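# A closer look at the structure
As a plain string of letters, each chain reads:
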Amino acid sequence: MKGAIFCGYAEFIEQNHGLMTWLEIIDKSELATSSSFIATELYDDNILVELLTITSDILGVTVSEILTSFGKILFPKLMEAAKHHVDKCDNIFDFLDHVENVIHIEVKKADPLAYTPSLILDKISNNKLLLKYTSHRQVCFLAEGLIYGAANHFNQQVTIEHISCTHQGDKHCLMKVTTD
Ligand code: HEM
């Protein structure tokens, strides 16, 4: 996974729980070799899984809750790198389409080793969209947090319902996104 995600995670923990908590997480990690990450480097996915598990033990919150909160904070940082792509988007549904069909494709063009999830969208009405998330990383709750972050960017309120989830034994991960 891209170092940018790890840099965002370090910032998220430091800002919300303090530097000492971040250093404690790193001390307990067997896979992380340093408390600093380089945004452009690629790191083993297992490092993030381990950091999330340690964070969950220390803070007493579930990994899915951590991922959703992290996604909300990560979104504006990712958006910094994609501002020039989204001039034409003025709402969350058009933007999600743009993420799948432009932004994540550009990410992979810029770095062929980058891996982004597949987000299949089905707009079922003006204010409801089904989103099928697929990735071997299975971080659908990070996607959920990013969508909340994106809605905030467009000054929209959304509710996200996980209709089915691979973490619950379902064959795929499907979310219903509703705007107010
Ligand atoms: C609501 C909007 C977005 C959603 C739902 C979304 C979803 C995700 C998720 C869930 C991941 C984690 C990897 C995985 O699931 O396998 C990811 C990775 C990533 N996304 Fe997005 N994303 C969004 C917007 C953006 C934006 C605006 C950028 C800006 C360039 C971006 C760039 C990236 C990059 C660089 C990665 C890491 C790739 C890697 O580790 O190889 N995303 N995205």
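Only a predicted model underlies this, so the values are computations on that prediction, with no experimental measurement involved.

### Some thoughts on the overall build of the protein chain
Within the protein chain, the regular secondary structure consists of six helices and four strands. Element order for the protein chain, N to C, with α for helix and β for strand: α-α-α-α-α-β-β-α-β-β. A globule of 180 residues ought to have a C-alpha radius of gyration of about 16 Å, and the protein chain, at 16 Å, matches this closely. For the protein chain, the spread of C-alpha atoms along the principal axes amounts to about 50 × 35 × 30 Å. Put simply, the protein chain has 180 residues, and 41% of those count as buried. Entry remark: accessible area of the protein chain is about 9,800 Å², with carbon and sulfur atoms responsible for 51%. Between the centroid of the 14 positive side chains of the protein chain and the centroid of its 24 negative side chains there is a distance of 7 Å.

### Quick look at the coordination of the iron atom of the ligand
Donation to the iron atom of the ligand from the protein comes from one atom only, His104 (NE2), at 2.1 Å. Take His104: it is sitting in helix H5 (residues 92–110).

### Description of the side chain of Thr178
Take Thr178: it is sitting in strand E4 (residues 173–179). Look past the residues within four positions of Thr178 in its chain and what remains in contact with it is Asn127, Lys128, Gln157, Val158 and Thr159.

### Remarks on the UniProt feature "domain: 4-vinyl reductase 4VR" (unreviewed entry) in the protein chain
Under the local residue numbering, the UniProt record ascribes the feature "domain: 4-vinyl reductase 4VR" (unreviewed entry) to residues 119–179. Counted over residues 119–179, helix gives 23% and strand 46%. Its end C-alpha atoms are 18 Å apart.

### Details of the site of the ligand
Surveying the vicinity of the ligand reveals 23 residues, the closest of which are Lys2, His104, Tyr115, Tyr133 and Ser135. Tyr115 places a polar main-chain atom, nitrogen or oxygen, 2.7 Å from an oxygen atom of the ligand. Every element with two or more residues in the shell around the ligand is listed here: H5 and helix H6 (140–153). For the shell around the ligand, the leading source of residues is H5, giving six residues. Grouping the constituent residues of the shell around the ligand by class yields 19 nonpolar, two polar and two charged.

### Here's the deal with the packing of helix H1 (residues 3–17) against helix H3 (residues 45–59)
The N-to-C vectors of H1 and H3 enclose an angle of 10°; their axes lie 12 Å apart at closest approach. Considering their axes alone, H1 and H3 lie roughly parallel with respect to each other. Note on element contacts: H3 touches H1 through Ile47, Leu48, Leu51, Leu52, Thr55 and Leu59, opposite Phe6, Tyr9, Ile13 and His17. The class makeup of the residues in the contact of H1 with H3 is eight nonpolar, two polar and no charged.

Cut-offs applied
- Per chain, residues are indexed from 1 in the order of the written sequence.
- Where totals are concerned, whole chains, interfaces and linings use all residues; where local detail is concerned, this predicted model gives features only for residues with pLDDT of at least 70, and gives and counts side-chain atom pairs only at 80 or more.
- Side-chain measures were taken over the full set of non-hydrogen atoms in the model, leaving aside hydrogen atoms and water.
- Only DSSP runs of H or I with at least four residues qualify as helices, and only runs of E with at least two residues qualify as strands; both kinds are numbered from the N terminus onward.
- In this description the radius of gyration comes from C-alpha coordinates, and the expected globular size is given by 2.2 Å times residues to the power 0.38.
- In this scheme, a residue with accessible area under 20% of its type's maximum is buried, one over 50% is exposed, and one in between is partly exposed, where area comes from a 1.4 Å probe on protein chains only.
- With residues, only the protein chains shown are counted as cover, and all accessible areas are computed by Shrake-Rupley using a 1.4 Å probe.
- Neither His nor the chain termini are counted; the positive set is Lys and Arg, and the negative set is Asp and Glu.
- Here the site of a charge means atom NZ of a Lys, CZ of an Arg, CG of an Asp or CD of a Glu.
- Donor atoms: N, O and S within 2.8 Å of the metal, or within 3.2 Å for Na, K and Ca. Because water is excluded, sites can look incomplete.
- We call two residues in contact whenever any of their non-hydrogen atoms come within 4.5 Å of each other.
- UniProt positions are given in the numbering used here, feature names are shortened, and annotations may be inferred rather than shown by experiment.
- Consider each residue's heavy atoms; a residue with any of them within 4 Å of a molecule or strand counts as near.
- Throughout this description, a polar contact denotes any pair of N or O atoms lying within 3.5 Å of each other; where both atoms belong to protein, one of them has to be capable of donating a hydrogen while the other can accept it, and for residues adjacent in sequence the pair is counted only when both atoms sit in side chains.
- Residues are grouped as follows: Ala, Val, Leu, Ile, Met, Phe, Trp, Tyr, Cys and Pro are nonpolar; Asp, Glu, Lys and Arg are charged; every other residue, Gly included, is polar.
- Angles shown run from 0 to 180 degrees and are taken between the N-to-C directions of axes, each axis being a line fitted to C-alpha atoms and, for helices, limited to the stretch in contact.
- Under this scheme an angle from 65 to 115 degrees is roughly perpendicular, one under 35 degrees roughly parallel, and one over 145 degrees roughly antiparallel; angles in between are oblique.

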